[in-house]
Amino acid sequence: MLSTTEKEAIDHEIGLVPHKRATVIEALKIVQQHRGWISDDSVEEIADYLGISPAEVDSVATFYNLIFRKPVGRHVILLCDSISCYVMGYKSLYAALQHKLQISFGQTCPDDRFTLLPNACLGCCDHAPAMMIDKDLYRDITIEQLDDILKKYA
Amino acid sequence: MPRIYIDNVPFEVKAGKNLLEACLSLGIDLPYFCWHPAMGSIGACRQCAVKVYKDAEDTKGRIMMSCMESVKDDLRISVCDPGAKAFRAQVIEWLMTNHPHDCPVCDEGGSCHLQDVTVMTGHDYRRYEFKKRTYTNQYLGPLINHEMNRCIQCYRCVRFYRDYAGGKDLNVFSAHNHVYFGREKDGVLQSPFSGNLAEVCPTGVFTDKTLKEHYTRKWDLTNAPAICQHCSLGCNIIAGERYGQLRSIVNRYNSEVNGYFLCDKGRFGYEFVNSENRITQTLVRHRTAEAVDEHTLMSHLPHILIGHTVIGIGSPRASIESNYALMELAGKECFYQGLSDNQVFLEQKIVDILSAGAIHTPSLKEIEQADAVLVLGEDIWNTAPIMALAVRQSVMKTAAAHVQEQVPLPGWHDAALKELAQESKGFLANMSILPSPLDEIAACEVHGAPDDLARLGFQIAHLLNNTLPAVDNAAETLLQNATMISQQLLQAKHPVIIAGTSTGSEALIRAAYDIAASLQNNERQPGLAFVLPDCNSMGLAMTGASSFEKALAIVQKNPDVTAVILENDLYRNIPADLVDNFFSKCRQVVVLDTLHNRTTEKADVLIPVASFAEGDGTFINNEGRAQRSYQVFMSPDKALKEAFKWLFEMKVIRRAISNGHDVHPDEMLAGLERVYPQFKGITDVVPSHAFRIHGSRIPRESQRYSGRTAMLANKAVSEPKPLQDDDSPLSFTMEGYRGMPPAPLIPYFWAPGWNSGQAVNKYQQETGGALKGGDPGIRLFRETGTIPAYFQDIPDAFSPRQGKWFLLPQYQLFGSGEFSIYTKGIAALSPEPRAILSARDAASLNMAPGDQLSVQTDNRTYQLPLETMDDLQDGIVILTAGLKGMDALSWGTWVNLFK
Amino acid sequence: MMTERPLTRNIYPDRPPMNLKEYEKTGGYAALRKVCSSMDPAALQKLVQDSNLKGRGGAGFSTGMKWSLIPMNDKATHPKYLIANADEMEPGTFKDRLLLEGNPHQLIEGMILAAYAIQADIAYVFLRWAYHEAAALIRKSIQEAYDAGYLGTDILGSGFHLEMYLHTGVGRYMCGEETALLNALEGKRATPRAKPPFPQISGLFGKPTIVNNVETLCCVPHIVNNGAAWFKGLSYSDDGGTKVYGVSGKVKRPGAWELPMGVTMRELIEEHAGGMKPGYELKGVLPGGASTDFLTTQHLDIKMDYKSVAAAGSRLGTGTMIVLDSGTCPVGFVHNLQHFFAQESCGWCTPCREGLPWVEKILLALEKGDGKPEDIELLQMHTQFLGPGNTFCALAPGAMEPLQSALKYFMEDFEKHVEHKKCPYD
């Protein structure tokens, strides 16, 4: 069952478009905001609420890489692996993260603290290498700074 | 007509087409994947690349996708340009980077469009040396197999399943080179048109699971052009046989009837031919049933045929030849339809309407082209699925046509037209007893009792033609709906009204007629389509013979009757009491049928007859189109023959007349036409059995057919003479005329370089158009230009009665067919019998869903689990009809219910 | 040299962006007032056309010309849409972020003006997910604009109505392609649409739509305030206005700067970016983001405008350049790019979906020392076959631009990988 808050947020979006089904991406975002990820059940609940089939919802959900169809940790690290960060040393940053967190891209720490994912260009190439943790952007990162950065996230 | 230059040769082509369609229609071999003649172009696969030049001076040109370019005057293109050829070959190499080397083990091999295109492009060497991407397959139900590694991502499956057929549970997932086509999770595919995935998919991702049970390569099959036996639409099919077993049914293109698609019942419901329940031996019952040989039978028959009254009970599923032969045996006055009084009455009404010729009855293609559709009471999703599919196309195409009026876009530009159309739809009003999947695309859905739906129909007719009476005491909603619907129908140029017999209501048929007749004028050509139950219901109805009850009356008075029952399990069509009574009063019962059933149990003489797979026959579909179904194989012991041949011999015995030889279907039709003028024209249905092309027959087998000697070597090492088909121009061999046969004789679609079903392109006048020489079938009803005579009787509003309920049937696409349930997969998808009441009525009986409801009708009491439905009119009880083992009931009567 | 910097003059790295009142104080929304009281849509379209404003999203198409193709008055179906493409995800590109985070009202005013010019009813900002700060700022600014009467019904008494909404994305580079963006807004997978029909005829929900880049729209208020001649005068070339250029890579001062359109590559790299970091030399430059062809030291004096860069065999694209230094392997560099493009392919058309992963795998094999001479031929083949028109959209042709130019300028490096069976840069 979608929560009242989730429904209200989706209803607001429905009011802006000619067809309910056009809000499916918004609905996925809203539900993911509340629940952290989109489970099969969430897919069905959204489908039900928008009057479309679960396959329709999942077809859209699985296209977009920032809709998580698997559970994620409490915090999601998005490490930029695009060209400027590549030139400025993202690989050693990745190696350091792998070492510190003992996980690789696509994995979550056993204690559910972090999920580590690559992400395409974060749009701050003049401050490469860069990464995001949840909604926070970190730029000009050095390996030395990593511990202090990660510490902030329980 | 625009003139284009293809490799410097000028061609006149049809305006509005794209270059791919134009080239294919000209017979030029251009490869493609994502374009489909019924679904238009999307330009995704990039396979159909050609070079297009700016003008006559441009020698370089640029590569464009032929499926996305409209023809226009003076356009210059090249198909043979080396750059274009290299690109087309490269597309295959790209697809081959992930495509598995499955050909030897893939079902599609030998009828695979990907194989054909690969050879066509000349690609032959894979330079890719890295790993191939693989997928996990899904369980998709008992009918369709899933093997995703073979996918070339042409998107045809989802375009057919979702866009064309309205299915909801198949889609595309993920992105980049991980795109996946399937359901969101394993499970049975919900659409009853899912079988078309096997033909629409150009590779072996989606294949016929039933074929896997007895797999055979396309080139090894013996084929025949046949007619689907499962409903009255008469879809054209190709039956494929090997080793004495019917192995597959695929679509046989007929642009007027089924086009490119079949429903799953028709495609997969063939296993009854191979069933262990086939009657294999002639049985004569003295005290017990004993198998007898033909000689014994022939000595026995005179005793029961000569010197007794012989009555014939005909069949709506037997061929018209067999029904006619029975008429000849028993005599016209002693031939009866094996159907109830009410059913005969309804069907006669339909025959009268269509024979009068005042209204046009549309083909399925014409229904697709309708710009407004009104379905009056018939549950076409279940009783005529391909008609429901055609109605869906009407709704979508009309929306696209409106778009084209505002934005000049060609009709093949599928995605663009859909984007502009958004959710808009052509007009469909769906009026039915129960909710239906068609409601989703209907502008107006009305559910109610048949009489209430009929009243709505009559009110619409009154608004269209004020000389017709208005409906008295009409409810406000009825008046509003009638106003809205009539306005929509008036705006249409080709409205179609659809009705049928499954509700048992005559008023609906009359109302449908009045509406269609009222719409007719100089600017508007309405169509009136009727749905009947069985594959030859129309043929039987056209004989005008009396109902079963009349036959029953005869046997009740006359104790010395030999009843000859043709291919009809009477318990499915007539209430059990009456049938039992009938059998108890007959002196002798002779039954001719294909499978054992409750009627064959009562036979004193039981004669096995050929099914459609082993015999020829002509069937008349719901639009009065007579079509021939040819046998695909002959059973080795030639004793299994068409019913009409037995009946003819029985007539010879009875009347001691003979024409000295086995009778051909042609002769039966000639006789039929002579004696019954309503069948005039039927002898043109196919060329005669003597037809040859340059002295050759038309082979049922491909030139690659193999194993002819080996397969019978266990019986005799030397190869036997191929069986001879005396009834048709077809042969049971691969020898014969290798060119294009006349359309009704096409046993399979193949052309050099085109091994898959896409070869049908070569047989059409233009892609997506009629077959060369015209589509098969002869329409027997002709418009006469008579002024329509209207019906004036309007039924009263339905009102529930105290203590009684109005009994109505619900037919199931999977389950209500007599034969289709012999296919395991279809039986698995068939529901259990149940009864349906409105929630209020259930409460008044103190019953909850799941409880057992007792229904008292036709002198019996039936117990079924109860289901409730909010949308159902109070006072009605619905029973699932036609399921295995269920009796026929007196639909449309008032019955008792209790807990 | 003192040059006018209309787009960035009020953007300071250490100060938050201006709220509406502050923006008005610097002349904000004066253009809107001017247009609402004294210009009709046709006149505004002509003004923008005369100013030679070119689309800043990468294509460089004349903005005025693009607007002119939308049906106007009673020839149009409604609602009409104006969309700001703020889905900046081209690797190496960070100029729109600067404008979005630095002066959101400038974008909003530009959008309202553009919407006015095309008689749009509804405007969207399509913003990439990652720009959270910008999202908050835009939401706040849109609300401020409504409160001030610059959005909603009868704006400034002109009879013009406009609703404006923010839509944030959920990833996927394809959303930056205008027709795929429309599909994303419609709640679908972001696959592109065939053109024709163009978005001006069949856009969002099948209605007439214009999609413009953020930087393009930010220019519009200034054109209205100061005129077409002024705008053209800012530039060193035929293309009007200034450009937000950027440099990333191993230069001393990577950053973004608004400069006259047409400054030279040399000025950008040596003057503004401070030249290469010590120990590194300039080997190559992608002048406008990942999907542009390499230029080399021989091109340092090329003017960075659309025509001149094209004449040199590349594209100005987004104008944010990525520097390939002498210490970075070109093969590895290009492999990283192809990894991006292969992963961002939407999967709709065969050449992109199947060709790009193959190219990526070949480059990886080369980097690892497993490359063969035939591999270079295969790479060449792909650069020929994944050209414009052969694929459904411009993603794959864009991917081929750095590859084909790397093969042209750095063939020696590729050959060394094959010959030595390892990366010479390791």
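Each chain carries its own residue numbering, running from 1 in the direction its sequence is written. As a convention, the first chain written is A and the first ligand written is 1, with the rest following in written order. With the structure being a predicted model, the display of local features is reserved for residues of pLDDT at least 70 and the display and counting of side-chain atom pairs for 80 or more, all residues being used for whole-chain, interface and lining totals. Just so you know, side-chain values use all the structure's heavy atoms and leave hydrogens and water out.

Novice: Hey, could you run me through the overall build of chain C in this one?
Specialist: Within chain C, the regular secondary structure consists of 17 helices and 8 strands. Overall, chain C is about 75 × 45 × 35 Å in size when its C-alpha atoms are taken along their principal axes. The buried label applies to any residue whose accessible area, calculated with a 1.4 Å probe on protein chains only, is under 20% of its type's maximum; exposed applies above 50%, and partly exposed to all values in between. Sorting the 426 residues of chain C into buried and exposed places 68% on the buried side. We call two residues in contact when some of their heavy atoms are within 4.5 Å. Counted over contacts in chain C with a minimum sequence separation of 6, partners at least 24 positions apart contribute 71%. As used throughout, the charge tally considers Lys and Arg to be positive and Asp and Glu to be negative, leaving His and the chain termini uncounted. To locate a charge, take atom NZ for lysine, CZ for arginine, CG for aspartate or CD for glutamate. Computed over 43 positive and 48 negative side-chain charges, the separation of the two mean positions in chain C equals 2 Å. Each helix is a run of DSSP H or I of at least 4 residues and each strand a run of E of at least 2, with the numbering of both proceeding from the N terminus.

Novice: Even after reading the chapter, I still don't get the domain arrangement of chain C, so can you show me in this structure?
Specialist: When the parts come together, some accessible area is lost, and that loss is often what is quoted as the size of the interface. Residue and element names in this part refer to chain C. Marked domain ranges trace back to an automatic or database domain assignment. Looking at the assigned domains, one finds that chain C contains domain 1 (25–233), domain 2 (244–325) and domain 3 (330–420). Each of domain 1 and domain 2 has a C-alpha centre, and these two points are 27 Å apart. Tallying the contact residues gives 15 residues for domain 1 and 16 residues for domain 2. Accessible surface is computed with a 1.4 Å probe, and the buried area is the amount of it that two parts give up when combined, taken over both parts together. Buried area between domain 1 and domain 2, both sides added, is near 1,200 Å², and the carbon and sulfur share of it is 63%. Among the residues forming the side of domain 1 that touches domain 2, the class breakdown is 4 nonpolar, 6 polar and 5 charged. Gly falls in the polar group here, along with every residue not listed as nonpolar (Ala, Val, Leu, Ile, Met, Phe, Trp, Tyr, Cys, Pro) or charged (Asp, Glu, Lys, Arg).

Novice: Quick question: what am I supposed to make of the packing of helix α9 (residues 320–330) of chain B against helix α23 (residues 665–675) of chain B here?
Specialist: Residues and elements named next belong to chain B. For the pair α9 and α23, the least separation of the axes is 9 Å and the interaxial angle reads 60°. For the pair α9 and α23, the sense of crossing is left-handed. Contact residues: α9 offers Ile320, Glu321, Tyr324, Ala325, Met327 and Glu328, while α23 offers Pro665, Met668, Leu669, Gly671, Leu672 and Val675. Across the contact of α9 with α23, the residue classes tally to 9 nonpolar, 1 polar and 2 charged. Fitted lines through C-alpha atoms serve as axes, helices being fitted only where they are in contact, and the angles separating the N-to-C directions of these axes extend from 0 to 180 degrees. Crossings are classed by handedness, with left-handed meaning an anticlockwise turn of the near helix from the far one by less than a right angle and right-handed meaning a clockwise turn.

Novice: Would you mind showing me how to read the pattern of salt bridges here?
Specialist: Any two side chains of opposite charge can pair if their charged atoms end up close together. Salt bridge criterion: a side-chain nitrogen from Lys or Arg within 4 Å of a carboxyl oxygen from Asp or Glu. Counted by the stated rule, this structure contains 79 salt bridges over all chains. Between Glu26 of chain A and Lys29 of chain A there is a salt bridge, with its nearest N and O atoms 3.4 Å apart. With Glu26 of chain A and Lys29 of chain A both in helix α2 (residues 24–35) and 3 residues apart, the pair spans about one turn of that helix. Here Glu26 of chain A matches Lys29 of chain A in class, with each residue buried. In the salt-bridge network here, residues are joined through shared partners; they are Asp577, Asp580, Arg598, Lys602, Arg860 and Asp887 of chain B.

Novice: Quick question: what am I supposed to make of the sheet that holds strand β3 (residues 49–53) of chain B here?
Specialist: Strand pairing within a sheet occurs via backbone hydrogen bonds; the two strands may be parallel or antiparallel. Residues and elements named next belong to chain B. Within the open sheet, the 5 strands sit side by side as β2-β1-β5-β3-β4. Their pairing is mixed. Two strands close off the open sheet at either side, each with one partner strand: β2 (9–12) and β4 (62–65). Neighbour-to-neighbour, the strand axes of the sheet open up by a mean angle of 40°, direction not taken into account. Here 2 bridges tie strand β1 (residues 3–6) to strand β5 (residues 76–78), and the two strands are oriented parallel to one another. Opposite Ile6, over in β5, you have Ile77 as the bridge partner. Running over the sheet, helix α2 (residues 82–96) touches β3, β4 and β5 and is turned about 155° from β3. In this description, strands pair whenever DSSP reports at least two bridges between them.

Novice: Even after reading the chapter, I still don't get unusual backbone geometry, so can you show me in this structure?
Specialist: Leaving glycine out, the prevailing phi sign among residues is negative, and the prevailing peptide bond configuration is trans. The omega torsion of the bond from Ala128 of chain A to Pro129 of chain A falls at -5°, within 30 degrees of zero and hence cis. You can see Pro129 of chain A is positioned in the loop between β3 (114–119) and β4 (131–133). We note that Asp858 of chain B has phi near 50°; this positive angle belongs to a residue other than glycine. Along the chain, Asp858 of chain B falls in the loop between β32 (852–857) and β33 (860–869). A relative accessible area of 19% means that Asp858 of chain B is categorised as buried. Notably, Arg172 of chain C is not glycine yet its phi reads approximately 85°, a positive angle. By relative accessible area, Arg172 of chain C is classed as buried at 5%.

Novice: Looking at this model, I keep getting lost on the nonpolar core. Mind explaining?
Specialist: Side chains of nonpolar character tend, in soluble globular proteins, to be buried together. Ranked by internal contacts, the top residues of the largest apolar core, which has 454 residues, are Phe582 of chain B together with Ile112 and Phe333 of chain C. Once residues lying within four places of it in the same chain are set aside, the contact partners of Phe582 of chain B are Ile311, Ile313, Phe548, Ala551, Leu552, Val555, Ala563 and Ile565 of chain B. Buried residues of nine kinds, namely Ala, Val, Leu, Ile, Met, Phe, Trp, Tyr and Cys, make up a nonpolar core once their side-chain atoms join them within 4.5 Å. By size, the runner-up hydrophobic cluster in this structure holds 24 residues, among which are Met265, Val285, Met321 and Val323 of chain C.

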